[in-house]
Structure formats: C-alpha cells, structure tokens
Amino acid sequence: VLLNPGPVNVHPSVREALAYPDVCHREPEVAELIAAVRDKATRVCGGDEEFTSLILAGSGTAALEAAFASIVPADGKILILDNGHYGARLHGILTVHGIPCEHLEFGWGAPMDLDRIDAALAADPAITHIGLVHHETSSGLLNPLRAIGQLAARYERSLAVDAISSLGSEPLDMRADHLDWCVGTANKSLEGLPGVSFVCARRSALDALADVPRRTYYLDVHSHYLSQDRDGAPLFTPAVQVLYAFDRALDLTLEETPACRASRYGALAHRIRAGLEARGFELVLPEEQRANELTLVRLPDGVSYSQLHDGLRQDGFVVYATQPEYGQVFRVANMGQLTTDDVDNFLAALDRTMATLSAPALT
Ligand SMILES: Cc1ncc(COP(=O)(O)O)c(C=O)c1O
C-alpha cells in the first residue's frame, strides 16, 4: 500500500489499459487518444473552450520546466512564491534558463503572507508573471491559490501554478482562480501511472507565445501547442501506453468528480491524522494549513526514519521521508485507491513497528 505522495495505487482498469496493443503514434487512434486526454485534462482543471491542454512525455517536472521556461517574454519577469522544496524548484528552473525572476521566500513550511505578495507586486511593475506551488508536497501545506489569483487579477499579472499534487483533489478552477497556466501530472491525485504530464493553459496566452523566445527544444510549449492543436499530432514520440492508462484514470476522475475526490481524500486524511494523534504522534502543521493529500508527522524521540520506514515496509506499507530542512519528520500521503481498511491496517502496522523499536512510550 503506497502512502508516499505518488506514484499511487491505481484502479485495476488503469493498469489493464497499459496492455493496449502495439501501435504507431502517427496513426489516427493515437491522435484521437491525445485529443481525448487533452480535453479531459482541461475539464479536470475546470477549463472551458477558452482553455486547452498539451500532453508531454515525462514526469511532472518535465511539464513544469516546459511551462516556466516557455511563458515569460524576453522583457518579462516572474515573481516566484516559495515556501518549500517545490517552490524552490520553480526558482531553480528559472535560474537554469536565465529568466528574470523575483524570489519571494516565506520559509519552508510557513504560510504565504498575502500582504507581502501584494507589496511585491505593487513595488515592481516589471513583474509580468506570478508562479507558485498549490500543494507544497514537501510539507503538506496547501497554499491560498484563490486569494493569490485575486491579487494576480487585480494587478493584471499572468498566474502559473504547479498543481502536480493537488489537481483532482483540491478546489482548482482555471477561470475562478484567474489562472493562465496550470501544470499537472498523471500519477498523483489523478490516479494514473507515471510518465505523462501536461500543461493546461488559456488559448490566448498560448497564442501570445509566438512572440516569446524559444529557450528549450524538447519542452517548448508553443511548439507542442502548434503540433498538438493545429496539426493534431504529437511533436515527438509520446508515452502511448501510459497515455491509455491516463485516459482511463481521467474518466474515473471525471466520473467521481474532483469535488467528491477531495471529500474522499479529506476523510482518509482525517482518519490517518486522528489515528496518529491518538497514538501520541505530533502533526507538524496546524489544521487550517493542511492539504487533503498528505500529513507531515514528527518522528518520536529515539526513532529514526529508516527504522520506521523499514518496519512498515515489512508489513506492506510505504511511507515517505522529506527534506532534512523540516527536521525529524516523515510523510504519510493518502492519494490513490486507498480505502479506510488500508488506513486502519496501516495504523495497526504502525503499532507493531513501534512495539519493536526501543522508543519511549509516546503518550
Ligand atoms: C508539487 C510538486 N511539484 C513537482 C513535483 C515533481 O514531480 P515529478 O517527480 O513527477 O517530476 C512533485 C513531486 O512530488 C510535486 O509534489
């Protein structure tokens, strides 16, 4: 049972879709598949006909690098809002590509201060874009996308979000959140398999990229837009079988609806958190900052992450470490086809693991 923040346990029909027969990616059935996946990804983002999505081969970071390297014009500048490992990654991508960037840091695991964002936008009219991570997966902190979208609209700046670990299980809507760019991936809350990612965007913003310098060959968003949208064909060889699996996963997401999935994940997270607290574990973030998908937990004194991980792993459960900046902690995610029985069995496995460790009693 995977309690790491993606890849996740998938529905059997998603795994079965991988076994689609061998196929040439330039044949009509693959063109239809790509068109269907683009349309469903856009709908998951709440996009209507003014929006579209481009599918890329590669993990979430491929689509992130594509978006953030492609969207800022030569005379533009992007404000990066950073409160964790993935916010820092956005800044890293811009630095690698030499794109002018203002780096607003709040501290890892600290909430974003809207007044500071407001002041940064007011102070620098050269800023054309704003970028942030929706769910900062390194800590489990959910950032206030809607409020930041309102600031972006007020200052008329273009907003780009890394929604890699929130899309499908947190409220997100291209129009209501004033988003021009949204990056997602298959293998987290959308419950597909790793290997494909995507950028959902406003069509007018995509058209405007014609005037932006091309900074990457493989990941240039405008080139993928022309190829997939105008020519109806992939630019390069797509991960065809993984796309069939993603298509099935998107059907399941749209059938369940992101709102109901948010409730399902929220209830699982609540069960995990209540079980952990009842056992004396300390949850790091205050309740109002926690996302539906993940819980950051302090390790008890005298227990190392590897002891905890290895004990649970022997019992069939995979938990996850996080960056050392957060201290002695571990992460428990609840994305994917997880059931309440899985959660109860995890808590029982945790009791067995803790009993084998020489930790002092927690409560
Ligand atoms: C918010 C966020 N951004 C980016 C990534 C990177 O995704 P990938 O490992 O698929 O490249 C992750 C992965 O956990 C993530 O949670």
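Structure first, text after, so check above.
My aim in this report is to walk through the structure given alongside it, one point at a time. (Residues numbered from 1 in each chain as written. Predicted model: local features only at pLDDT ≥ 70, side-chain atom pairs only at ≥ 80, totals over all residues. Heavy atoms only, no water.)

**Some details on the overall build of the protein chain**
A tally of regular secondary structure across the protein chain gives 12 helices and 11 strands. Across the 363 residues in the protein chain, those meeting the buried criterion constitute 55%. Contacts in the protein chain between residues far apart in sequence, at least 24 positions, make up 72% of those at least 6 positions apart. Accessible area of the protein chain: about 14400 Å², with a carbon and sulfur share of 51%. Across the protein chain, the mean location of the 29 positive side-chain charges is 1 Å away from that of the 48 negative side-chain charges. (Helix = DSSP H or I, 4+ residues; strand = E, 2+ residues; numbered from the N terminus. Buried < 20%, exposed > 50% of the residue type's maximum accessible area, 1.4 Å probe, protein only. Contact = heavy atoms within 4.5 Å. Areas by Shrake-Rupley, 256 points an atom, 1.4 Å probe, with all protein chains shown as cover. Lys, Arg positive; Asp, Glu negative; His and termini not counted. Charge placed at Lys NZ, Arg CZ, Asp CG, Glu CD.)

**Quick notes on the pattern of salt bridges**
Counting across every chain of the model gives 23 salt bridges. The partner of Asp39 in a salt bridge is Arg43, with the nearest N and O atoms 3.2 Å apart. You can see Asp39 and its partner Arg43 sitting in helix α2 (residues 28-44), 4 residues apart, about one turn around the helix. Of the residues examined, Arg43 reaches a relative accessible area of 44% and is grouped as partly exposed. (Salt bridge = Lys/Arg side-chain N within 4 Å of Asp/Glu carboxyl O.)

**Thoughts on the environment of Ile127**
Structurally, the position occupied by Ile127 is in the loop between α5 (114-123) and β4 (129-133). Residues Ile127 and Ala152 lie 25 residues apart in sequence; the distance between their C-alpha atoms is 11 Å. Beyond its immediate sequence surroundings of up to four residues, Ile127 is in contact with Lys77, Leu79, Glu102, Ala120, Leu121 and Arg157.

**Brief notes about the packing of α5 against helix α6 (residues 145-155)**
Put simply, α5 and α6 touch, their axes get as near as 11 Å, and they point 20 degrees apart. Our classification of the angle between α5 and α6 gives roughly parallel. The way α5 lies across α6 gives a crossing that is right-handed. For the pair α5 and α6, contact is made by Leu114, Ile117, Asp118, Leu121 and Ala122 and by Ala147, Ile148, Leu151, Arg154 and Tyr155, respectively. (Axes fitted to C-alpha atoms, helices over the stretch in contact; angles between N-to-C directions. Parallel < 35°, antiparallel > 145°, perpendicular 65-115°, else oblique. Left-handed = near helix turned anticlockwise from the far one by under 90°.)

**Overview of helix α3 (residues 60-70)**
Across the 11 residues of α3, 9 count as buried, placing the element largely inside the fold. Among all positions in α3, only Gly60, Ala62, Ala63, Leu64, Ala66, Ala67, Phe68, Ala69 and Ser70 are buried.

**Quick notes on the environment of Val37**
Within the secondary structure, Val37 sits in helix α2. Contact partners of Val37, with chain neighbours within four places excluded, come to Ile55, Leu243, Phe246, Asp247 and Leu250.

**So, the packing of aromatic side chains**
All chains considered together, the criterion is met by 7 aromatic pairs. Between Trp108 and Tyr326 the ring centres are 5.7 Å apart and the planes differ by 35 degrees, which places this aromatic pair in the tilted class. Residue Trp108 is found in the loop between β3 (101-105) and α5, and its partner Tyr326 is found in the loop between α11 (305-314) and β11 (329-333); the two are separated by 218 residues along the sequence. Residue Tyr326 is classed as buried on the basis of its relative accessible area of 11%. Three or more aromatic residues link up through ring pairs in this structure, and these residues are Tyr217, Tyr218 and Phe236. One cation-aromatic arrangement involves Arg214 over Tyr217; the distance from NZ or CZ to the ring centre is 4.9 Å. (Phe/Tyr/Trp six-rings, centres within 6.5 Å; stacked < 30°, edge-to-face > 60°. Lys NZ or Arg CZ within 6 Å of the ring centre and 35° of its normal.)

**Observations regarding α2**
With 17 residues, α2 should reach 24 Å at 1.5 Å per residue; the first-to-last C-alpha distance of 24 Å fits that figure. By the burial criterion, the buried members of α2 are Val30, Leu33, Ile34, Val37, Arg38, Lys40, Ala41, Thr42 and Val44. In this structure, the buried residues of α2 make contact with β1 (51-57), β9 (196-202), α7 (203-208), α8 (221-230), α9 (240-256) and α10 (258-278). Just beyond α2, the residue with positive phi is Gly46, at close to 75 degrees. (Expected span 1.5 Å × (residues − 1).)

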